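# Commentary on secondary and tertiary structure
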Amino acid sequence: MKIKGTQLFVKALIEEGVDTLFAYPGGMAIDLFDALYGETAFRVVLPRHEQALVHAADGYARATGKTGVCLVTSGPGATNLVTGIATANYDSVPLVCFTGQVPTNLIGNDAFQEVDIVGICRSICKYAVTVRRREDLGRIIKETFYIARTGKPGPVLVDFPKDIQLALGSDEYPKEVSIRSYKPSTGVHMGQLKKAAEMLASAKRPLFLIGGGVNISRGGEAMTKLAEQVGVPVVTTIMGKGALPTDHPLYIGNMGMHGNVASNTAVSECDLLFSIGTRFNDRITGKISEFAKNAKIIHIDIDAASISRNIVVDVPIVADAKEAIEKFSEIAVAPRHGTQEWVARLQALRAQAPIVMDTQGRLNPQDVIQAVNEHFPEAIVTTDVGQNQMWTTQFLQLRGRSRLLTSGGLGTMGYGLPSALGAKLGVPDMPVVSISGDGGFQMNEQELATAVCEELPVVICILNNSYLGNVRQWQEMFFGGRYSCTCLKKRNSCAQWCSSPGAQCPPYLPDFVKLAESYGIEGIRVTDRAQIGQAFERAKATKNKPTLIEFIIDRELDILPMVPGGNALSDMVTTYKKEDR
């Protein structure tokens, strides 16, 4: 039977098991939206901005392990996806993004709302393609879903011209995929695993370094069992946090630029670094020549291109993290020299040098995150980017089904709120808490409307210090306290340059409590530690709509410890006062 391309599109989504479509209409997608009218096989969610739309699909994918699916129109609709596509690409999130396009006969003629979105996105996604013939439509959609979720997951883009949408063609949707040029790696090289097992057995100070690949593969339970089996301590990147329960005795903490002293010391002193699912980016390694310089390095990663790219390794293993961990567990034995003293040293160091925020009794981010731990023992927590992200990764406890969703590779402000909505849509039975700074929250604050319309009881936390805090901290520590364009209270009538915030500063804009009320939800302002618990209890009691809680924190709080860029992990700044600059 002959059907329109738009009808085959809907059929394809159903065949692929899509249950949620994040979509925003426009001229070159209007026929697709007409085909969606009345469809009950899946939910269509209308965010308020395309960038938020793709972040929501990203949050849905990370929370569920399924493929997130987007639909937008051509031109600005398509270009508004770019940041979210790059975010997903860096963090290996499976997305399929459909963009409307002008008819094929107008492509290249500078038609209204025409952009070469395939050309724009080719370097920031796993695959991008324009459908040029109606007879190829079903095959292309099938292939893009396969590409997005197999091998190293990632976003793909399908550019869908209007004439192809309307053209009649076969109603057949392929059952199988065969792409000659794309054969993702499967299985594990047992010879390499045996080498790794012997190196682990011989090590005196072995260490597991776990990255986001373990969480992507849903390998946390297998990783916990392996660590217990061999008695080897574990550190994580921020993307790997949660692979082991954070209260596990073998878990030392996050390492890297804002990692704890014990974790960074462990990397510097280990004699075997067994890394799984991380690409060794600069935020993790610090000065490359000093990174784990006393250690042999084993590296498991699904992406062959990530192995020995930044850090040269001794045993490379290309494999899915979970599969490799499970296979390794079959042959791994505990180190012959024992690890008790090594583990005890790291645990003692963690106890001696904990990350603590001392603000003389005033409300601080540690208070807020610890309250999240108490009131939401199992939750999906999303963050924005900046100090709020780092404080969350330092103090958040992850146990059971809890997960942390954050933009790790690209560092995208505006990610926190929309990703929380996607996560709640994907896993409605889990509490979802969004943590943002005041700057990042404003980048997608319009999604409060989406949360209300979709009746999503997410808990929205804003850590308000009236600054773009992460950049302000760098300006304080490395630029002589010259706060250039980081104060969000600054008005034209203020002194041209100011590095001394005080009572004379103008009021903050917007008033987040009134903003929340304008969307028909409760806004709560917390200024004291004693108010935190009551605020969270009120939020937990609210059903079918979000609650916004604004926490007023000191304006010049820093995120410490910190490894300044280009320094070794051992060169950590653990204390800093404003007068030190």
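Residues numbered from 1 in each chain as written. Predicted model: local features only at pLDDT ≥ 70, side-chain atom pairs only at ≥ 80, totals over all residues. Heavy atoms only, no water.

Looking at an unreviewed UniProt entry, one finds the chain named Acetolactate synthase, with Candidatus Borkfalkia faecipullorum as its source organism. Turning to the chain, the UniProt annotation filed under Sequence similarities (unreviewed entry) states: "Belongs to the TPP enzyme family." Under the heading Catalytic activity (unreviewed entry), UniProt records this for the chain: "2 pyruvate + H(+) = (2S)-2-acetolactate + CO2". (UniProt positions renumbered as here; feature names shortened; annotations may be inferred.)

### Observations regarding the overall build of the chain
What the chain contains, in helices and strands, is 23 helices and 20 strands. In terms of C-alpha radius of gyration, the chain reaches 25 Å, essentially the compact-globule figure of 25 Å for 581 residues. Dimensions of the chain, computed from the C-alpha atoms along their principal axes, are close to 70 × 70 × 45 Å. Relative to its 581 residues, the chain shows a buried fraction of 59%. Put simply, of all contacts in the chain between residues at least 6 apart along the chain, 76% involve residues at least 24 apart. In the structure as shown, the chain presents an accessible area of about 23,300 Å², 50% of it carried by carbon and sulfur atoms. Of the charged side chains in the chain, 59 are positive and 60 negative, and the gap between their average positions amounts to 2 Å. (Helix = DSSP H or I, 4+ residues; strand = E, 2+ residues; numbered from the N terminus. Rg over C-alpha atoms; globule rule 2.2 N^0.38 Å. Buried < 20%, exposed > 50% of the residue type's maximum accessible area, 1.4 Å probe, protein only. Contact = heavy atoms within 4.5 Å. Areas by Shrake-Rupley, 256 points an atom, 1.4 Å probe, with all protein chains shown as cover. Lys, Arg positive; Asp, Glu negative; His and termini not counted. Charge placed at Lys NZ, Arg CZ, Asp CG, Glu CD.)

### Observations regarding the state of the cysteines
Applying the stated rule across the entire model yields zero disulfides. With no disulfide of its own, cysteine 505 has cysteine 498 as its nearest cysteine by sulfur position, at a separation of 5.7 Å. (Disulfide = S-S within 2.5 Å.)

### With respect to the nonpolar core
Within the largest apolar cluster, 50 residues are counted, with the highest numbers of intra-cluster contacts made by Phe22, Ile85, Leu95, Ile380, Phe441, Leu448 and Leu548. For this core, the element with the most residues is helix α3 (residues 50–64), which contributes seven residues. Counting 34 residues, the second-largest nonpolar core is a separate cluster that includes Ala203, Ala222, Ala227 and Ile317. (Core = buried A, V, L, I, M, F, W, Y, C linked by side-chain atoms within 4.5 Å.)

### Notes on the UniProt feature "domain: Thiamine pyrophosphate enzyme central" (unreviewed entry) in the chain
According to UniProt, the feature "domain: Thiamine pyrophosphate enzyme central" (unreviewed entry) maps to residues 193–327 in the numbering used here. With 34% helix and 20% strand, residues 193–327 has its two end C-alpha atoms placed 8 Å apart.

### Here we look at the packing of helix α16 (residues 365–375) against helix α23 (residues 532–541)
Each pair of packed helices can be described by the angle between their axes along with the distance between the axes. For the pair α16 and α23, the least separation of the axes is 10 Å and the interaxial angle reads 45 degrees. As judged from the angle between their axes, α16 and α23 are oblique. The way α16 lies across α23 gives a crossing that is right-handed. Residues Asp367, Val368, Ala371, Val372 and His375 of α16 form the contact with α23, whose own contacting residues are Ile532, Gly533, Phe536, Glu537 and Lys540. Residues that form the contact of α16 with α23 fall into these classes: five nonpolar, two polar and three charged. (Axes fitted to C-alpha atoms, helices over the stretch in contact; angles between N-to-C directions. Parallel < 35°, antiparallel > 145°, perpendicular 65-115°, else oblique. Left-handed = near helix turned anticlockwise from the far one by under 90°. Nonpolar A, V, L, I, M, F, W, Y, C, P; charged D, E, K, R; others polar.)

### Section: the environment of valine 356
The topology assignment puts valine 356 in the loop between α15 (340–352) and α16. When the C-alpha atoms of valine 356 and histidine 299 are compared, they prove to be 32 Å apart, with 57 residues separating the residues in sequence.

### Concerning the sheet that holds strand β18 (residues 459–464)
Within the open sheet, the six strands sit side by side as β16-β15-β17-β18-β20-β19. Their pairing is parallel. At either margin of the open sheet sits one strand with a lone partner, and together these are β16 (403–405) and β19 (522–526). Within this sheet the neighbouring strands show an average axis-to-axis angle of 20 degrees, counted without direction. Bridge count between β18 and strand β20 (residues 547–552): six bridges; the pairing is parallel. Within the sheet, the bridge partner assigned to leucine 463 lies in β20 and is phenylalanine 551. Relative to β20, α23 is tilted by about 165 degrees, and along the sheet it contacts β18, β19 and β20. (Pairing = 2+ DSSP bridges.)

### Considerations on helix α14 (residues 321–329)
Listed as buried for α14 are Ala321, Ala324, Ile325, Phe328 and Ser329. The buried residues of α14 occupy an angular sector of 135 degrees when the element is viewed end-on, so they sit on one face. Looking at the buried side of α14, the elements it contacts are α9 (190–202), α10 (212–216), α11 (220–230), β12 (272–276) and β13 (296–301). Measuring from the side-chain oxygen of the N-cap residue of α14 to the backbone nitrogen of lysine 322 gives 3.2 Å; that N-cap residue is aspartate 320. (Arc of directions from axis to C-beta. Polar contact = N/O pair within 3.5 Å; in protein donor to acceptor, adjacent residues only side chain to side chain.)

### Overview of the pairing of strand β7 (residues 155–161)
For β7, a buried count of seven out of seven residues is recorded, marking the element as mostly surrounded by other parts of the structure. Of the two faces of β7, the one lined by Pro155, Leu157, Asp159 and Pro161 and the one lined by Val156, Val158 and Phe160 are each fully buried. Two elements, strand β5 (residues 95–101) and β7, share seven bridges in a ladder whose sense is parallel. Directly across from leucine 95, in β7, lies its bridge partner proline 155. Here strand β6 (residues 127–130) pairs with β7 via four bridges, running parallel. By the bridge assignment, threonine 130 is partnered in β7 with aspartate 159.

### Some thoughts on helix α7 (residues 137–149)
With 13 residues, α7 ought to run about 18 Å at 1.5 Å a step, and its terminal C-alpha atoms sit 19 Å apart, in line with that. For α7, the tally of buried residues reaches 10 of 13 residues, placing the bulk of the element in the interior. On its buried face, α7 is in contact with α1 (5–15), β4 (68–72), β5, β6 and β7. Of the residues trailing α7, glycine 151 is marked for its positive phi of about 60 degrees. (Expected span 1.5 Å × (residues − 1).)

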